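Chain residues, written in single-letter form:
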Amino acid sequence: MRPLPLIDTHTHFDVAEFDPDRLQLAILAKQRGVQALVLIGFLAQRFNTLVQVQQQINQAATPHPQALLAPGLHPFYIQEHTVDHLQQLEQLIKSQQVVAIGEIGLDTFTKAMKQPEVFARQQAFFSAQLELAQQSNLPVLLHIRRAHAETLALLKKHNFKQGGIAHAFGGGIQEAKAFIQMGFKLGVTGQVTNPNARRLHQVIKTVGAAHLVLETDCPDMTPLCCQQSHEHRTRNTPANLPYVLDGLSQLLTMDQEKLAGQLWENSLTCLNLNLPFEQK
Ligand SMILES: [Zn+2]
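Residues numbered from 1 in each chain as written. Predicted model: local features only at pLDDT ≥ 70, side-chain atom pairs only at ≥ 80, totals over all residues. Heavy atoms only, no water.

The protein appears in an unreviewed UniProt entry as Hydrolase from Alkanindiges hydrocarboniclasticus.

So this is what it looks like as structure tokens:
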């Protein structure tokens, strides 16, 4: 596969699953064209690890993707967050170079997450982090599961203008258009390679390349071609990002190089990045 310059806008490359071989995988990703990857936060207890992993990658002597930070408090772990964690997040944003706050949002996938008091708590933490993003002039990386209308309502209530990415977008066409109108790009994962993901394919084809960015969401969302077994999940890695590009280019019947160029521009715009376009 011809390496094209790509940005992995959503990774959990800090998790322990990558401890044995993270640097080798980062170097392989770079060889396959991945110029930058975003390290996403989910729990305050992991903020230090996130920064350490960023240093580990960025200080490597061998060519590697530039690791970028996007710390945040994930709605799925709502019961574990405290007000103190919000302060830690604020401190981290002040002390480190951060490209976005993420991942944040609303999740009502399970019955437990839907409970009124649990959902109210999710909304409170999401609101607080939106305010933090506004104060710091940062975009946000959204995690939304079965709560697209409620997420849009909160963004509107805050008159949120910094945009960002609706990660692993799983909503419908109308919702996609509403997020785009609010200044967001839609994150496309390896799920695009799944022939059964018809709704997702319809959304992607309707909105078009101008509103999309790529992500692996590793270690999850492994592209179909990289899955080694039906019984066990195959670990996804940033080095698999070209397969997401490949799946998207097939779906949009668009030349890979042209598509990569458009996605590169989209990523830079929504994350306010200034990276050199390194054509290999
Ligand atoms: Zn994630």
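After presenting the structure, the write-up continues.
A. Molecular detail of the packing of helix H7 (residues 173–181) against helix H8 (residues 198–207). Remark: H7 packs on H8, axes separated minimally by 9 Å, with the N-to-C direction vectors making an angle of 45°. In terms of orientation, H7 and H8 fall into the oblique class. With respect to the hand of their crossing, H7 and H8 are arranged in right-handed fashion. Note on element contacts: H8 touches H7 through Gln202, Val203, Thr206 and Val207, opposite Ile173, Ala176, Lys177 and Ile180. Residue composition of the contact of H7 with H8, by class: five nonpolar, two polar and one charged. (Axes fitted to C-alpha atoms, helices over the stretch in contact; angles between N-to-C directions. Helix = DSSP H or I, 4+ residues; strand = E, 2+ residues; numbered from the N terminus. Parallel < 35°, antiparallel > 145°, perpendicular 65-115°, else oblique. Left-handed = near helix turned anticlockwise from the far one by under 90°. Contact = heavy atoms within 4.5 Å. Nonpolar A, V, L, I, M, F, W, Y, C, P; charged D, E, K, R; others polar.)

B. Structural detail: the coordination of the zinc ion. Protein-derived ligands of the zinc ion are His10 (NE2), His12 (NE2) and Glu103 (OE), with the metal-ligand distances lying across 2.0 to 2.1 Å. Along the chain, the residues that donate to the zinc ion are spaced as H-x1-H-x90-E. One end of the pair, histidine 12, is in the loop between strand S1 (6–11) and helix H1 (22–31); the other, glutamate 103, is in strand S4 (residues 101–107), with 91 residues separating them in the sequence. Overall, the relative accessible area of 9% leaves histidine 12 in the buried class. (Donors = N, O, S within 2.8 Å, 3.2 Å for Na, K, Ca; no water. Buried < 20%, exposed > 50% of the residue type's maximum accessible area, 1.4 Å probe, protein only.)

C. How the structure looks around the packing of H1 against helix H2 (residues 47–58). Remark: H1 packs on H2, axes separated minimally by 10 Å, with the N-to-C direction vectors making an angle of 55°. Here H1 lies oblique to H2, going by the angle between them. When you trace H1 past H2, the crossing you get is right-handed. Each of Arg22, Leu23 and Ala26 in H1 lies in contact with H2, whose residues at this interface are Val53, Gln56 and Ile57. Considering only residue class, the contact of H1 with H2 consists of four nonpolar, one polar and one charged.

D. Geometry of the packing of aromatic side chains. Applying the stated criterion across every chain, the model contains six aromatic pairs. Aromatic side chains phenylalanine 13 and phenylalanine 18 sit 4.8 Å apart centroid to centroid with 70° between the ring planes, which places their arrangement in the edge-to-face category. Since its relative accessible area comes to 0%, phenylalanine 13 is described here as buried. An aromatic cluster of three or more residues is present, and its members are Phe160, Phe169, Phe179 and Phe184. Across from the ring centre of phenylalanine 109, 4.2 Å away, lies the NZ or CZ of arginine 145, which sits over that ring. (Phe/Tyr/Trp six-rings, centres within 6.5 Å; stacked < 30°, edge-to-face > 60°. Lys NZ or Arg CZ within 6 Å of the ring centre and 35° of its normal.)

E. Structural context of the UniProt feature "binding site: a divalent metal cation 1" (unreviewed entry) in the protein. According to UniProt, the feature "binding site: a divalent metal cation 1" (unreviewed entry) maps to His10, His12, Glu103 and Asp217 in the numbering used here. Annotated residues spanning 208 residues; largest pairwise C-alpha distance 11.1 Å, indicating a single compact cluster. Annotated residues from the preceding list that form part of the lining of the largest pocket: these are His10, His12, Glu103 and Asp217. Discounting chain neighbours no more than four positions away, the residues touching histidine 12 are Phe18, Ile40, Phe42, Glu103, Asp217, Cys218 and Pro219. With respect to the secondary-structure elements, aspartate 217 resides in the loop between strand S8 (212–214) and helix H9 (241–251). On the basis of relative accessibility, which here comes to 8%, the residue aspartate 217 falls in the buried class. Ignoring anything within four residues of it in the chain, the contact list for aspartate 217 reads Asp8, His10, His12, His167 and Thr189. (UniProt positions renumbered as here; feature names shortened; annotations may be inferred. 1 Å grid on protein atoms, 1.4 Å probe; cavity = no way out; pocket = protein on both sides within 12 Å on 5 of 7 lines; lining within 4 Å.)

F. The arrangement of the pattern of salt bridges in detail. All told, the structure shown has seven salt bridges when counted by the stated rule. Aspartate 107 serves as the salt-bridge partner of arginine 145, at 3.0 Å between the closest nitrogen and oxygen. Of this pair, arginine 145 sits in strand S5 (residues 140–145) while aspartate 107 sits in strand S4, and the two are 38 residues apart along the sequence. For arginine 145, a relative accessible area of 28% translates into the label partly exposed. (Salt bridge = Lys/Arg side-chain N within 4 Å of Asp/Glu carboxyl O.)

G. Layout of helix H6 (residues 148–157). Among all positions of H6, only His148, Thr151, Leu152, Leu154 and Leu155 are buried. Down the axis of H6, the sector holding all buried residues measures 160°, keeping them to one side. The outward face of H6, more than 90 degrees from its buried face, is lined by the exposed residues Ala149, Lys156 and Lys157. Lining the buried residues of H6 we find S4, helix H5 (116–136), S5, H7 and strand S7 (184–188). (Arc of directions from axis to C-beta.)

H. Expanded view of the UniProt feature "binding site: a divalent metal cation 2" (unreviewed entry) in the protein. The positions UniProt marks with the feature "binding site: a divalent metal cation 2" (unreviewed entry) are His143 and His167. The greatest C-alpha distance among the residues just named is 5.9 Å, despite their covering 25 residues of sequence, which places them together in space. As for the annotated residues named above, the ones lining the largest pocket are His143 and His167. By the element assignment, histidine 143 lies in strand S5. Given a relative accessible area of 10%, histidine 143 falls into the buried group.

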